[in-house]
Amino acid sequence: GENVGLHLPTLSVQEGDNSIINCAYSNSASDYFIWYKQESGKGPQFIIDIRSNMDKRQGQRVTVLLNKTVKHLSLQIAATQPGDSAVYFCAENASGGYQKVTFGTGTKLQVIP
Amino acid sequence: EAGVVQSPRYKIIEKKQPVAFWCNPISGHNTLYWYLQNLGQGPELLIRYENEEAVDDSQLPKDRFSAERLKGVDSTLKIQPAELGDSAVYLCASSPDFGGELFFGEGSRLTVL
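From a predicted model like this one, the values you see are computed outputs, not experimental measurements.

Rules behind the numbers
Residues numbered from 1 in each chain as written. Chains lettered and ligands numbered in written order. Predicted model: local features only at pLDDT ≥ 70, side-chain atom pairs only at ≥ 80, totals over all residues. Heavy atoms only, no water. Helix = DSSP H or I, 4+ residues; strand = E, 2+ residues; numbered from the N terminus. Rg over C-alpha atoms; globule rule 2.2 N^0.38 Å. Buried < 20%, exposed > 50% of the residue type's maximum accessible area, 1.4 Å probe, protein only. Disulfide = S-S within 2.5 Å.

### Here we look at the overall build of chain B
And step 1. Within chain B, the regular secondary structure consists of zero helices and 11 strands.
And step 2. Secondary structure elements in chain B, listed N-terminal to C-terminal, are β-β-β-β-β-β-β-β-β-β-β.
And step 3. Whereas a compact globule of 113 residues would reach a radius of gyration of roughly 13 Å, chain B reaches 13 Å, a difference of no more than 12%.
And step 4. Oriented by its inertia axes, the alpha-carbon framework of chain B measures out at about 35 × 25 × 25 Å.
And step 5. Among the 113 residues that make up chain B, the fraction classed as buried is 48%.

Next up, the structure:
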């Protein structure tokens, strides 16, 4: 079956440092990837996305890297702030013959003031 | 613009009782999703609608779960009868069409006693 983000680590980062959150996926047919942020008691919220024809995309303080060779995604957060504390999920979309949006298990980011 | 609205936010019931959750997606969004989220895990798809048609309900436990989106707008997810293992957060999401960013509601937290 499809597995996205098999690991659920907790990442503790000092405020002001950069954070890197990783995600592995196994569906080679996936062509669109999204990072979501979920704060306690809320639904996931879109952060940044990337299509499979790209290997890097930058937003405001966030960068997503895609390595299709090893089926790996990463989310980099620059100058991490206390408000970045949340659980981060990667999600993959396979828009071909079998359309499905699959979420990984998530990574909890704790920002130490 | 109003986001995805879900109700109730919290529901506590005894096992074997029925429960229903309601979702109003963002206006104009054709695709509607119901996800189940257990504590510490990523959302798992239960059912996806394209307008009023359920196009992916393969993960919906049809012996006790049902869903409808009669007019292609709002949707209801029902569980009858509820079991202890159904305790979770039920998330509704919508998107303009399949393959893009999902907009989530805040979820309905179910506790089955």
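So, next bit.
### Topic: the state of the cysteines
And step 1. One pass over the structure, following the stated rule, counts two disulfides over all chains.
And step 2. Here A:Cys23 connects covalently by a disulfide to A:Cys90, the sulfurs 1.7 Å from one another. For the disulfide bridge between A:Cys23 and A:Cys90, the dihedral angle about the S-S bond is near 45°, and by the sign convention the bridge is right-handed. Separated by 67 residues along the polypeptide, A:Cys23 in strand E2 (residues 19-24) and A:Cys90 in strand E8 (residues 86-94) bring together distant segments of the chain. Residues A:Cys23 and A:Cys90 agree in their burial class; the two are buried.
And step 3. Covalent S-S linkage joins B:Cys23 and B:Cys92, the inter-sulfur distance amounting to 1.9 Å. Classification of the bridge connecting B:Cys23 and B:Cys92 rests on its S-S torsion, roughly -70°, and on that basis the disulfide is left-handed.

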